[in-house]
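What follows is the residue order along each chain.
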Amino acid sequence: MWLMVFFCACFLNVSSACDFGPSSPLETGIVCRVTKPAALVLNEQTAQVIQAAFTHASYPDINGEKSIRFFGKVTYGLTNIQISNLTIGSSEVELKEDDAVYITIKNVSASFSGTLNYGYGSWFVKGGHAIDFDIFSNTDLQVNTKLTCGNNRVAADTSECYLTFHKLVLHLYGDKQPGWLKQLFTDFISFTLKLVLKSQICKEINYVANLLADFIQDKAEDFLKDGDIGVDISITSFPVIKAGYMESHHKGVLLYKKPFDISNSSLFSPSLLSENRMLYFWFSEHVLNSMAQAAFFDGRLELKLTGSELKDILKDDDTESNKTDQKIFKGVSLSNSVTQIWSLIPPEIRITPEGTLVTSSVAVQLNSTNDTESSVVGLYFETDVTATVKASYADKKLLLHLSDSIVQIKTCTSSLQTSVTEEAIKEFLHKTISLYGITAVMKRMEPALTSLMNSKGLHLFDIINPEIIPHKGYLIVQLDFGFPHHLLVDFLKRSL
């Protein structure tokens, strides 16, 4: 269940100050909402986390003494306590509004084994003995997990942790112990043993929960980072718990080596997200805009096309267009050419109901090769492009769909030997870019972005029917998912 508690922390790396006072208001760039349906799915694997807490706990030696009539003072010690045969009956979860995540684990059965050392003495007998023991226990566990802020992270407070014992049976092994010994130790060890087990198990649950929180937050931080580009996703307010969902708000500010002056006016309100899907992400357009600008300054908005790739783009069944193509590139071997494309200034991204609006100024240079194999600049032009793009995700791939575009050819210079006028060249370039060029660039971006996301492990998740929905000024991603079993396995292997 702690996976559910911290699943919304997949975008967390919060500020250590956690100062959300009115004197320093923080704008929200990213919101993560995890709903009750997601809680039910994640709760299915609670048993593994509880089992890890029980088995990883360090159980201290238990020492005590008691005065017994006729025998004097009896001292005892339980040492080398180990746990085995752990089983869990069921687990339930409930979101208590403005309070905590209530987790109830029923019928936790476990066996504890170790060595019992005891000694007693009176005027007629003295003795010291050591015998093996095991203890069978059956208990219910109630953990009310509150989300807190501190130490640069969102943390779990599981101090409301209760164990209710239904059975606690002590078995002693050995032929020489007195017949009354089992009943004697069962009676006055049980109370002390219950306190120790509760203390250690609850302490370990809190440790494992926070360890898991840090693990997921580290994964999230890495997912939103590539090279020098990252996103500051410190929380801007304390996490919200409602009856139907948990929600966290984050800065979404770009982290990069160059300064950026990008406005961040939050448009978020809780009514923008529903509770029908398992997981929601809300992104302000400034988050995507700042990342696009960082990509420009990092030299990533560049593309090189081989001659064969250029020829594929120029393929057209329109006879008139083919004739123009042949006239412009007459005497040029396109197969041996190289075309370079790069952004002249940082692109601008705006989110609209029709899709993501991308405005950019682009330079295109075609280097042709003549008969002597010397490379010359055959064609150079600059163009302003505004494209409206919709995104989707299916079969573990990002898909981009062009819904509209505006192209304006500006500077155009050519050293090609052609009889075609400059206006005809511009008209040809306008048509080629509008119909084929933008789509060709998008087709190359799809596998590149998919590969980047997969390198962070996105393809390992069972994502069900994801939707990317644009609105004015913000974007919503909503989806259902299967249990991320690989994440829990990875965590248990690395951490415990």
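Residues numbered from 1 in each chain as written. Predicted model: local features only at pLDDT ≥ 70, side-chain atom pairs only at ≥ 80, totals over all residues. Heavy atoms only, no water.

Put simply, the test is: UniProt positions are given in the numbering used here, feature names are shortened, and annotations may be inferred rather than shown by experiment.
The name an unreviewed UniProt entry assigns to the protein chain is Cholesteryl ester transfer protein, from the organism Xenopus tropicalis. Annotation of the protein chain in UniProt includes, under Subcellular location (unreviewed entry), the sentence "Secreted". Here the protein chain is described in UniProt, under the heading Sequence similarities (unreviewed entry), as follows: "Belongs to the BPI/LBP/Plunc superfamily. BPI/LBP family."

### Examining the packing of aromatic side chains
Basically, it comes down to this: Stacked, tilted and edge-to-face are the three classes applied to pairs of Phe, Tyr and Trp rings, where Trp contributes its six-membered ring and a pair requires centres within 6.5 Å; stacked means planes under 30 degrees apart, edge-to-face means over 60, and tilted covers the rest. For each residue, the accessible area found with a 1.4 Å probe, counting protein chains only, is set against the maximum for its type, and the residue is called buried under 20%, exposed over 50%, and partly exposed in between. For a Lys NZ or an Arg CZ to count as sitting over a ring, it must be within 6 Å of the ring centre and within 35 degrees of the ring normal.
Counted by the stated rule, this structure contains 6 aromatic pairs. Residues phenylalanine 281 and phenylalanine 283 carry aromatic rings whose centres are separated by 6.4 Å and whose planes lie at 45° to one another, so their mutual orientation is tilted. Side by side, phenylalanine 281 and phenylalanine 283 carry an identical accessibility label, which is buried. Among the aromatic side chains, those forming a connected cluster through ring pairs are Phe268, Trp282 and Tyr474. We note arginine 33 situated over the ring of tyrosine 245; from NZ or CZ to the ring centre the distance is 3.6 Å. Over the aromatic face of tyrosine 102 sits the side chain of lysine 96, whose NZ or CZ is 5.4 Å from the ring centroid.

### Here we look at the side chain of threonine 158
Note the following rule: By the criteria applied, helices consist of DSSP H or I runs no shorter than four residues and strands consist of E runs no shorter than two, each listed in order from the N terminus. Think of a polar contact as two N or O atoms within 3.5 Å of one another; within protein, one of them needs to be a possible hydrogen donor and the other a possible acceptor, and neighboring residues in sequence only count if both atoms come from side chains.
Within the secondary structure, threonine 158 is located in strand β6 (residues 153-173). Overall, the relative accessible area of 3% leaves threonine 158 in the buried class. In this structure the side chain of threonine 158 is engaged in a polar contact, spanning 2.7 Å, whose partner is the side chain of asparagine 206.

### Things to note about the environment of tyrosine 102
To keep it simple, the criterion reads: What makes two residues a contact is simply this: any of their non-hydrogen atoms within 4.5 Å.
By secondary structure assignment, the location of tyrosine 102 is in strand β4 (residues 100-121). Here tyrosine 102 falls in the partly exposed class, since its relative accessible area comes to 22%. The spacing of tyrosine 102 and glutamate 92 is 10 residues in sequence and 8.1 Å in space, taken between C-alpha atoms. Setting aside anything within four residues of it in sequence, one finds tyrosine 102 in contact with Glu92, Val93, Glu94, Lys96, Gln142, Val143 and Asn144. At 2.8 Å, the side chain of tyrosine 102 and the side chain of aspartate 99 are in polar contact.

### So, unusual backbone geometry
Residues other than glycine seldom take positive phi values, yet lysine 396 does so here, at roughly 60°. Looking at lysine 396, the relative accessible area reads 37%, which means it is partly exposed. The phi angle at asparagine 465 is positive, at roughly 50°, despite the residue not being glycine. If you trace the backbone, asparagine 465 turns up in strand β18 (residues 463-471).

### A few points about the sheet that holds strand β9 (residues 245-250)
Where we set the bar: In short, DSSP must find at least two bridges between two strands for them to pair.
Ordered by their spatial adjacency, 6 strands build an open sheet running β8-β9-β1-β11-β19-β18, and the pairing between neighbours is antiparallel. Edge strands, defined here as strands with exactly one partner in the open sheet, are β8 (240-241) and β18. Pairing analysis gives 6 bridges linking strand β11 (residues 279-284) to strand β19 (residues 474-481), with the strands arranged antiparallel. Note on β19: the bridge partner recorded for tryptophan 282 is isoleucine 476.

### A word on helix α5 (residues 285-297)
Short version of the rule: Multiply 1.5 Å by the residue count of a helix minus one, and that product is the helix's expected span.
Helix length check: α5 (13 residues) gives 19 Å between terminal C-alpha atoms against 18 Å at 1.5 Å per residue, within 8%. Counting buried positions along α5 gives 10 out of 13 residues, so the element sits mostly inside the fold. Those residues of α5 that sit buried are Glu285, His286, Val287, Asn289, Ser290, Ala292, Gln293, Ala294, Ala295 and Phe296. Summarising the contacts, the buried residues of α5 are in contact with β1 (30-35), β10 (253-255), β11, β13 (338-343), β14 (348-352) and β19.

### Regarding the environment of glycine 77
Mapped onto the elements of the fold, glycine 77 is located in strand β3 (residues 72-96). For the pair formed by glycine 77 and alanine 130, sequence separation is 53 residues and the distance between their alpha carbons is 9.2 Å.

### A short note on helix α6 (residues 307-314)
Which entries qualify depends on this criterion: Summarising the geometry, the arc corresponds to the directions from the helix axis toward the C-beta atoms.
All of the buried residues along α6 are Gly307, Leu310, Ile313 and Leu314. Along the axis of α6, the buried residues cluster in a sector spanning 120°; they form a single face.

### Section: the packing of α6 against helix α8 (residues 422-455)
Packed helix pairs are characterised by how far apart their axes lie and by the angle those axes make with each other. We apply this condition: The axes used here are C-alpha line fits, helices contributing only the stretch in contact, and every angle between their N-to-C directions lies in the interval 0 to 180 degrees. Oblique is the label for any angle not covered by the other classes, which are roughly parallel (under 35 degrees), roughly antiparallel (over 145) and roughly perpendicular (65 to 115). Note on convention: the crossing is left-handed when the near helix lies turned anticlockwise from the far helix by less than a right angle, right-handed when the turn is clockwise. Under the grouping applied here, Gly and all other residues not named as nonpolar or charged are polar, the nonpolar ones being Ala, Val, Leu, Ile, Met, Phe, Trp, Tyr, Cys and Pro and the charged ones Asp, Glu, Lys and Arg.
Where α6 meets α8, the closest approach of the two axes is 9 Å, and the angle between their N-to-C directions is 120°. Judged on the interaxial angle alone, α8 and α6 are oblique. Crossing handedness for the pair α6 and α8: right-handed. Contacts from Glu309, Ile313 and Leu314 of α6 reach α8 at Phe428, Thr432, Tyr436, Gly437, Ala440 and Arg444. A class-by-class count of the residues in the contact of α6 with α8 yields 5 nonpolar, 2 polar and 2 charged.

### Details of the environment of isoleucine 68
Among the structural elements, isoleucine 68 can be located in strand β2 (residues 62-68). What makes isoleucine 68 buried here is its relative accessible area of 19%. Sequence spacing of isoleucine 68 and tyrosine 120 is 52 residues, and the spatial spacing of their C-alpha atoms is 8.8 Å.

### Focus on the side chain of serine 361
Along the chain, the position of serine 361 falls in strand β15 (residues 355-369). For serine 361, a relative accessible area of 11% gives the class buried. With residues up to four places along the chain from it excluded, the contact list for serine 361 reads Trp342, Ser343, Leu344, Ile345, Thr383, Asp384 and Lys410.

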